[in-house]
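Descriptive analysis of the structure
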Amino acid sequence: MITKTRIIIVNGTVQGVGFRPFVYNLAQKFQLNGYVYNDSAGVTIVVQGGSSEIELFETELRQNPPPRSKILDYRSADISSDANYTDFQIQSSPSEGAKTAAVSPDLDVCDDCRREMFDPENRRYLYPFINCTNCGPRYTIIRDVPYDRPKTTMVDFTMCPDCQAEYDNPGNRRFHAQPNACPVCGPDVEVRNKFSEVLISAYKSEEYENLFKYISQLLSDGRIIAIKGIGGYHLACDAASETAVSTLRTRKYREDKPFAVMFPDLKSIKGICSLNQPERDLLESVAHPIVLLKKNAGYYLANSVAPNNHYLGAMLPYTPLHHLIFHFFKGPLVMTSGNISDEPIAYKDDEAAERLKSIADYFLVHNREIHIRCDDSVIRNFEGNAYPIRRSRGYAPEKLILDWKFDRHVLACGPEQKNTFALAKNNSVYLSQHIGDMENLEVLKSFEEGIKHFRYIFDIQPEIVAYDLHPDYLSTKYAHHYAKENELKEIGIQHHHAHAVSCMVDNKITKPVLSIVLDGTGYGTDGTVWGGELLLAEYHQFKRLGHFRNTRLPGGSAAIKNPWQMGISYLVEVFGNKLVDIPFLNNLDKNKISMILKMLENRFNSPITSSCGRLFDGVAAIAGLRNVVNYEGQAAVEFEQRILDQDDSAYEFRVIDNHDALILDWKPMIRQLVNDINEKTSISRISQKFHDGLSRGLTLWAEIARKNTGLTDIVLSGGVFMNIYLLIRLKKSLEKNGFNVYTHSVVPCNDGGISLGQLVIADAQMKNTDLAG
């Protein structure tokens, strides 16, 4: 037999997912010698043996890798070697080398561990930190790469002889499972009151049972419990108790925004929500995100869980701790981020005890440190594919491999709302978990900590810093400070261009496309507030082909929280200061109306805007739905929810070609809206006619742009496209008229995807500058 030696280098999500043990056992199967180790780039394998055996080894490695792994790059080559290997070993990881390894997201508990956890004969019976090579914490406990126990927060726990024997045994499922632990040597769990006094501690099975029975009783009594999870604290209460849920809303200062609910199992979800196969697949995926599902006739949860909304954010248990809670408490639980509204999720114990003591009655805590906070992801199904709303736990910090080579290391600081940041080198993008709305110092601190962590574990030293053009965003101010401090190149990126490119990258599009970008706010290159945009987009540049008819934003940002102010602005544009007699105006304070009219007349604190999001707000207010909102986009969300019946009627949107731009004109729609209000048309019908009219107007807009440019590919991005009714109808309408339509599936259409677009635009512009130079 001719003996060969071959080196194999594998990059991707191959650390923390049982890859090395899998390779070890595969080498044993084909009687190959050599070694495997983790390094800063991924996994390196050297095998020695017969040619046919090596070929079979590689075939199986590539076609049937460990289920939680993701191979992004695979290279192999025969090498000359004087070494004569006598066995196959898992070697220690070298510390040197460039850090390019993908870090695994946190993994949901596997079926094997779940079975063991509920087996009374197993030594990990009811142990809330059971894990193996196929499941458990990853990203949130990693301090550095390569992924080895000393570089995680599990370094504080020395394995007992039994756990060490499992860790060292190639035939064991916990072979080289870095978080491996048991009740003897691993983390502990306890219940505390809001004064941090320990009420129950658990170190063995019977104590775990007592502890979780106590938690179940507290939940049944309507108590609110702060639960330390895998990426931070949740606030939990009985989702069927109106008293408990409304109390949580009051304490958390969260008036109307829907809460997520965790269910014991799929059966309990089916009882109150419609559920198709793609939605089931999302719920049961490794990421275990919150999935938006439509409520059905069996819905019985507290009205305060998701008020004025046909949809519910549902998720399944994804940690052993969650499964143990539901083993003793059988009903669904509100499971919302452990924070006061607008703050980042609490993840450090002392911080949580201080910040959450005014909300939670009790705390369920453990002593496994969370190194980096990571909130739950939110996904919905669109045409059988994932349509991200918030990309975070279970997805971050998964490496995105692009068909694009970054010439320099780039940091993109993202926008203000729904912030994520991103870093890039070579052809890889490392997109952060959800950071939140950059409106206070707590969120800024989380943002800064996240960038520092990413730079360290992925060994990225930015040479370019990309930022949003809005001068008042905290992310923009950070970018300026960071670039100045480190003498780096700064590149400002227009908000809607970043949206368009994020969708292009999401769909691997590199050629010019048309793009409809609809959102609430984005700083335009002309200093006005954009938000209803038709672009010709390329990576390095864009052209504004059209926009919504401009109006004024009376009161500036205050109008975002007071849709009635936008309602008056649209009415003034159509009817002048002599306003029409409709219930909307009759129910407002006359002095406030007068104040807004003076602002508009004098153009005081009333910036120009083309925002589609503000159009939704204004129309919802005029129709009598809501004058004030308690969370971003509330009026638009509730306006969409009011659609019950459908017919062919629709309001009119015209397209005006003023030679400089194609203007989508909403004036005819406002006139028709007022006529319907005077005829006492229902809000349901008004909403349907508005949405369908907008879809038709946008299609006409795109058709004229196609005639002018010859382009038939079009991308849809921006937060307005979280409106599933509009998205479905517009996509169908565009496709019916011959367009190739592209939507998001990897990053959100909202501002959570902005940083990806910023990265690529900044690098493309530098490439273009280099060529011009």
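In what follows, the accompanying structure is described. None of these values were measured; they are calculated from a predicted model.

Reading guide: rules and limits
Residues numbered from 1 in each chain as written. Predicted model: local features only at pLDDT ≥ 70, side-chain atom pairs only at ≥ 80, totals over all residues. Heavy atoms only, no water. Pairing = 2+ DSSP bridges. Helix = DSSP H or I, 4+ residues; strand = E, 2+ residues; numbered from the N terminus. Salt bridge = Lys/Arg side-chain N within 4 Å of Asp/Glu carboxyl O. Buried < 20%, exposed > 50% of the residue type's maximum accessible area, 1.4 Å probe, protein only. 1 Å grid on protein atoms, 1.4 Å probe; cavity = no way out; pocket = protein on both sides within 12 Å on 5 of 7 lines; lining within 4 Å. Points joined across faces, edges and corners; volume = space filled by probe spheres on them. Nonpolar A, V, L, I, M, F, W, Y, C, P; charged D, E, K, R; others polar.

Comments concerning the pairing of strand β1 (residues 3-13)
Alignment of β1 against strand β3 (residues 43-50), held across 8 bridges, turns out to be antiparallel. When the sheet's bridge partners are listed, isoleucine 7 is paired in β3 with valine 46. Inspection of the sheet shows β1 paired to strand β4 (residues 70-78) by 8 bridges, in the antiparallel sense. Looking at β4, one finds that glycine 12 is bridged to isoleucine 71.

Quick look at the pattern of salt bridges
Applying the stated criterion to the full structure yields 43 salt bridges. Across the pair arginine 280 and glutamate 284 runs a salt bridge, and its minimum N-O distance is 3.3 Å. Highlighted residues: arginine 280 and glutamate 284, both in helix α8 (residues 277-284), separated by 4 residues, approximately one helical turn. What makes arginine 280 partly exposed here is its relative accessible area of 30%.

Digging into empty space enclosed by the protein
Applying the stated rule across the entire model yields 8 cavities of 30 Å³ or more. Within this model, the largest cavity holds a volume of roughly 130 Å³. Lining the largest cavity are 17 residues, with Pro128, Ile230, Thr319, Pro320 and Arg368 sitting closest to its centre. Residue composition of the lining of the largest cavity, by class: 10 nonpolar, 5 polar and 2 charged. Of the volumes computed, that of the second largest cavity is approximately 80 Å³. Lining the second largest cavity we find 15 residues, and of these Gly16, Val17, Gly18, Arg20 and His176 sit closest to its centre. Sorting elements by how many residues they give to the lining of the second largest cavity places helix α1 (residues 19-29) first, with 3 residues. Here the residues of the lining of the second largest cavity sort into 6 nonpolar, 7 polar and 2 charged.

Spatial relationships are all this shows, so hold off on functional conclusions.
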